[in-house]
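# Fold and geometry: a report
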Amino acid sequence: MLTIGQHSFKSRLLLGTGKFSDLQIQTQAVEASGTEVLTFAVRRLNLDQPDEPNFLEHLDLTQYTLLPNTAGARTAEEAVRIARLARASGLCDMIKVEVIGDDQLILPDPLETVKACEILLAEGFTVLPYISDDYMLAKRLQQIGVHAVMPGASPIGSGRGILNPAMLEWIIADARVPVIVDAGIRSPKDAAYAMELGADAVLLNSAVSGADDPVKMALAMKLAVESGRLGKEAGMIPLRNYAVASSPSEGMITT
Ligand SMILES: CC(=O)[C@@H](O)[C@H](O)COP(=O)(O)O
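Keep in mind that this is a model prediction, so the values were computed, not measured.

Here we come to the overall build of the chain. Along the chain, the regular secondary structure elements total 8 helices and 10 strands. The C-alpha atoms of the chain give 20 Å as radius of gyration, which agrees with the globular expectation for 255 residues (18 Å, within 12%). Seen through its principal axes, the chain has C-alpha atoms that stretch 85 × 40 × 35 Å. In the chain, the share of contacts with a sequence separation of at least 24, taken over all contacts with a separation of at least 6, comes to 65%.

This part is about the packing of helix H3 (residues 110–122) against helix H4 (residues 135–144). Close contact between H3 and H4 brings their axes to 10 Å; oriented N to C, the two are set at 15 degrees. By the angle between their axes, H3 is roughly parallel relative to H4. For the pair H3 and H4, the crossing hand works out as right-handed. Together, Pro110, Val114, Cys117, Glu118 and Leu121 of H3 and Leu137, Leu141 and Ile144 of H4 make up the contact between the two elements. Looking at the contact of H3 with H4 residue by residue, the class counts come to 7 nonpolar, no polar and 1 charged.

Looking at the element boundaries, methionine 167 is found in helix H5 (residues 165–173). Spatially, the C-alpha atom of methionine 167 lies 9.9 Å from that of alanine 153, the residues being 14 residues apart in sequence. Those residues in contact with methionine 167 that lie beyond four places of it in its chain are Asp133, Asp134 and Tyr135.

Among the residues of helix H1 (residues 23–33), Gln26, Thr27, Ala29, Val30, Ala32 and Ser33 are the ones counted as buried. At its buried positions, H1 is contacted by strand E3 (13–16), strand E4 (37–41), helix H7 (206–209) and helix H8 (214–234). One or two positions beyond H1, positive phi appears at glycine 34, with a value near 70 degrees.

Inspection of every chain in the model, using the stated rule, returns 0 aromatic pairs. Looking at arginine 87, its charged tip hangs above the ring of phenylalanine 125, at a distance of 3.8 Å from the centre. Taking the ring centre of tyrosine 130 as reference, the NZ or CZ of lysine 96 above it sits at 5.4 Å.

Okay, the site of the ligand next. Lining the immediate surroundings of the ligand are Lys96, Glu98, Tyr130, Ile156, Gly157, Asp182, Ala183, Gly184, Leu203, Leu204, Asn205 and Ser206. Contact distances for the ligand include 2.9 Å between an oxygen atom and a backbone N or O atom of asparagine 205. When the ligand sits alone it has 360 Å² of accessible area, and the protein chains cover 92% of it. Of the residues belonging to the shell around the ligand, the class tally is 5 nonpolar, 4 polar and 3 charged.

Bringing the pairing of E4 into the picture now. The buried fraction of E4 is high, at 5 of 5 residues. Residues Val37, Thr39 and Ala41 line one face of E4 and the alternating positions Leu38 and Phe40 line the opposite face, and both faces are buried. Both E3 and E4 contribute to a ladder of 3 bridges, which runs parallel. From the neighbouring strand, leucine 15 faces E4, where its bridge partner is leucine 38. With H1 bridging E3 and its parallel neighbour E4, the resulting β-α-β unit is right-handed.

UniProt feature "active site" (unreviewed entry): in the numbering of this structure it lies at Lys96. Assignment of secondary structure puts lysine 96 in strand E6 (residues 94–97). A residue is classified by how much of its surface remains accessible, and lysine 96, at 5% relative accessible area, is buried. Once you skip the residues sitting within four places of it in the chain, lysine 96 turns out to touch Thr39, Leu67, Pro68, Asn69, Thr70, Leu128, Tyr130, Met150, Asp182 and Leu203.

Attention now moves to the pairing of E6. The alternating pattern of E6 places Met94 and Lys96 on one face and Ile95 and Val97 on the opposite face, and all of these are buried. Pairing of E6 with strand E7 (residues 126–131) involves 4 bridges; the strand directions are parallel. Each bridged residue has a counterpart across the sheet, and for lysine 96 the counterpart in E7 is leucine 128. Since E6 and E7 lie parallel, the crossover through H3 that links them has a hand, and here it is right-handed.

The rules behind each value
Residues numbered from 1 in each chain as written. Predicted model: local features only at pLDDT ≥ 70, side-chain atom pairs only at ≥ 80, totals over all residues. Heavy atoms only, no water. Helix = DSSP H or I, 4+ residues; strand = E, 2+ residues; numbered from the N terminus. Rg over C-alpha atoms; globule rule 2.2 N^0.38 Å. Contact = heavy atoms within 4.5 Å. Axes fitted to C-alpha atoms, helices over the stretch in contact; angles between N-to-C directions. Parallel < 35°, antiparallel > 145°, perpendicular 65-115°, else oblique. Left-handed = near helix turned anticlockwise from the far one by under 90°. Nonpolar A, V, L, I, M, F, W, Y, C, P; charged D, E, K, R; others polar. Buried < 20%, exposed > 50% of the residue type's maximum accessible area, 1.4 Å probe, protein only. Phe/Tyr/Trp six-rings, centres within 6.5 Å; stacked < 30°, edge-to-face > 60°. Lys NZ or Arg CZ within 6 Å of the ring centre and 35° of its normal. Near = heavy atom within 4 Å. Polar contact = N/O pair within 3.5 Å; in protein donor to acceptor, adjacent residues only side chain to side chain. Areas by Shrake-Rupley, 256 points an atom, 1.4 Å probe, with all protein chains shown as cover. Pairing = 2+ DSSP bridges. Right-handed = clockwise from strand over helix to strand, strands pointing away. UniProt positions renumbered as here; feature names shortened; annotations may be inferred.

Below you can see the structure in the form of structure tokens.
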């Protein structure tokens, strides 16, 4: 089970809900992914216009835990305001803290992220910060009490996959909370790789919503996450510099 604060999930794939070409496809992809956690930017909900159509209305929301995120925030104060709005609207107590500091790479601002997390933890939120793949930042955030860390594999929507596997491994090795590899995943192999490195879960969006066949890709990602996890649990053979014959050599005639 993946446990984040008080919440537990069987699925280790978290899915973003942005950029689907059509809501029917989104619904089918969400179902195919087997996810139990859907993330979305609070700003996409018309909280003050509840009668207006919204992107979650085709989904059976009793089946999913909603993970609101603070996308759009550029400062800790903005992120905190968005998180409070999400909680006041009856959304989950979990909040994915996303404070972006750069427009081109859409990378999170570490200082503002820490500041926002401190305030939200003091207010009783279950806090999941989106961060760059930064070992020390992951460590400091755990020291202040976050409930998971979400290091990026590579910039959001870039599809560049896992840029720094060693850094992710170090973050994972010393983590006391779940590590969810978030953003930049392109193919099922990236998702499987993240799990093989020991990640507790993967969060992705563009790889599915932008695929030619989002429903098929959602299923592929589900299987990849499961397969990577199984492979990690099964234990892999050591890497060697030279070949080791796979057939037993006993009984061979030698001259
Ligand atoms: C941090 C963030 O917003 C990500 O959750 C993003 O939505 C997913 O990134 P990809 O679209 O690259 O999978």
